Amino acid sequence: MNNKRLSGWAVCAAILLLLTTACGEKAKDAASGQQQGGANNADKVSIGITQIVQHTSLDEARKGFIQALKDNGYEEGVNLEIDYKDAQNDINNTSTIAQKFASDNKDLVLAISTPSAQAAAQQIKDVPILFTAVTDPVGGQLVSSMEQPGGNVTGTTDLHPEAISTLMEFVKTSIPNAKAVGIIANEGEQNTVTNITQAREALEKQGLEVVVAPITNSSEVKQAAESLIGKVQAIYVPSDNTVVSSLSTVVAVANEQDIPLFVAEKDSVKNGGVASFGFEYYDIGYATGEMAVDILKNGKKPADMPVQVPKELDLALNMKSAAEQGFTVTDDMKKSVKKGNLFE
């Protein structure tokens with residue numbers, strides 16, 4: 001009788017111990033979940049970011065993209081994994097990165113630049129792809145149209161419809177004696193071809209000759225800039241990843257030879273160009289991040305998401321570069337520059 005009672009108490013004690021242990025584990029798991037912001041494995045998303053090369057504009061676009069995700073509840077190390085790859089301006093690397101992302105089965109891929117986006121679109125067919133800092137999404141065969149992309153790819157373009165024509169008109173009016181403008185460009189980039197075509201049309205409309213100094217890699221940029229000496233009264237650098245990544249060499253030639261350097265990107269004005277009509281690459285990156293949130297949280301499809309264009313187009317001036325390059329900044333120019341776009 002006493003033995004049976006003892007046996008019964010032992011069973012009850014064992015059950016109680018199991019229940020206590022289980023509750024403790026659940027409490028521990030719950031606390032862990034709270035420490036992680038309530039995230040769990042099911043909530044986590046993995047995003048691959050492929051970027052053709054590191055330079056200020058592209059880096060700012062990436063920062064804006066990540067900030068938009070953060071502002072919408074995604075945090076690295078908690079419910080967000082970012083796999084960032086730099087192709088180091090090598091087209092072959094863009095394909096290798098895209099293949100890796102395809103095999104990793106990412107939840108979404110961000111491609112920064114035209115070459116990176118083209119490689120991703122070729123290799124990845126069943127995962128949403130967003131691009132930013134792409135000049136001509138249709139010409140680059142990334143989307144069927146700007147309004148209705150039609151596939152698994154969409155994003156933001158870095159070409160405001162009036163940016164190049166406005167800048168070329170500014171070149172003519174600010175340098176009245178100009179006869180020719182030099183363009184340094186890698187015509188192997190689709191975005192550059194679009195830039196040059198529009199720049200040529202705009203410059204010829206202003207009665208200016210166009211002298212193109214072609215390059216194929218960054219080591220040729222300095223020589224290309226020097227080849228324009230004595231031939232042109234201004235230099236234009238388009239949104240060409242190869243040239244922009246080596247912009248300092250063009251700036252050095254422009255400063256030494258008193259040739260005003262006009263650039264396609266406001267970030268390039270900060271880095272030594274004299275003037276541009278542009279926008280913040282951070283902003284288009286942020287807009288792309290918001291598109292990513294719509295896909296990840298709201299189930300939107302890239303096929304139905306129109307390509308977004310920059311909303312702002314403002315004059316940016318670099319006063320130090322103007323002095324170095326023999327460019328006269330008038331009071332009217334200063335008055336038309338918004339706060340934050342005048343660099344000393």
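Everything below is about the structure printed above this text.
Residues numbered from 1 in each chain as written. Predicted model: local features only at pLDDT ≥ 70, side-chain atom pairs only at ≥ 80, totals over all residues. Heavy atoms only, no water.

## Focus: the pairing of strand β2 (residues 80-86)
Consecutive side chains of a regular strand alternate in pointing toward one face of the sheet and then the other. Two strands pair when backbone bridges link them, and strand β1 (residues 45-51) and β2 are joined in this way by seven bridges, in the parallel orientation. Residue T50 lies in a different strand from β2, and its bridge partner there is K85. (Pairing = 2+ DSSP bridges. Helix = DSSP H or I, 4+ residues; strand = E, 2+ residues; numbered from the N terminus.)

## Some remarks on empty space enclosed by the protein
Taken as a whole, this structure holds two cavities of 30 Å³ or more when the rule is applied. Lining the largest cavity are 15 residues; nearest its centre among them are D158, L159, A163, I164 and A264. With three residues, the top contributor of residues to the lining of the largest cavity is helix α5 (residues 163-174). Classifying every residue of the lining of the largest cavity by side-chain character gives ten nonpolar, four polar and one charged. Taken as a whole, the second largest cavity encloses approximately 50 Å³ of empty space. In terms of lining residues, the second largest cavity is bounded by H55, L58, A133, T135, D158, N191, S239, N241, E265 and Y281. (1 Å grid on protein atoms, 1.4 Å probe; cavity = no way out; pocket = protein on both sides within 12 Å on 5 of 7 lines; lining within 4 Å. Points joined across faces, edges and corners; volume = space filled by probe spheres on them. Nonpolar A, V, L, I, M, F, W, Y, C, P; charged D, E, K, R; others polar.)

## Some details on the pattern of salt bridges
Applying the stated rule across the entire model yields 13 salt bridges. For D83, the salt bridge is made with K106, and the minimal N-O distance between the two is 3.2 Å. With D83 in strand β2 and K106 in the loop between α3 (91-104) and β3 (108-112), this residue pair connects regions lying 23 residues apart in the sequence. We note that D83, like K106, is buried. (Salt bridge = Lys/Arg side-chain N within 4 Å of Asp/Glu carboxyl O. Buried < 20%, exposed > 50% of the residue type's maximum accessible area, 1.4 Å probe, protein only.)

## Topic: the side chain of S174
Mapped onto the secondary structure, S174 falls in helix α5. Relative accessible area serves as the criterion here: at 16%, S174 is assigned to the buried category. A distance of 3.4 Å separates a polar atom in the side chain of S174 from the backbone oxygen of V171. With sequence-adjacent residues up to four places away left out, S174 is seen in contact with F262, F327 and M333. (Polar contact = N/O pair within 3.5 Å; in protein donor to acceptor, adjacent residues only side chain to side chain. Contact = heavy atoms within 4.5 Å.)

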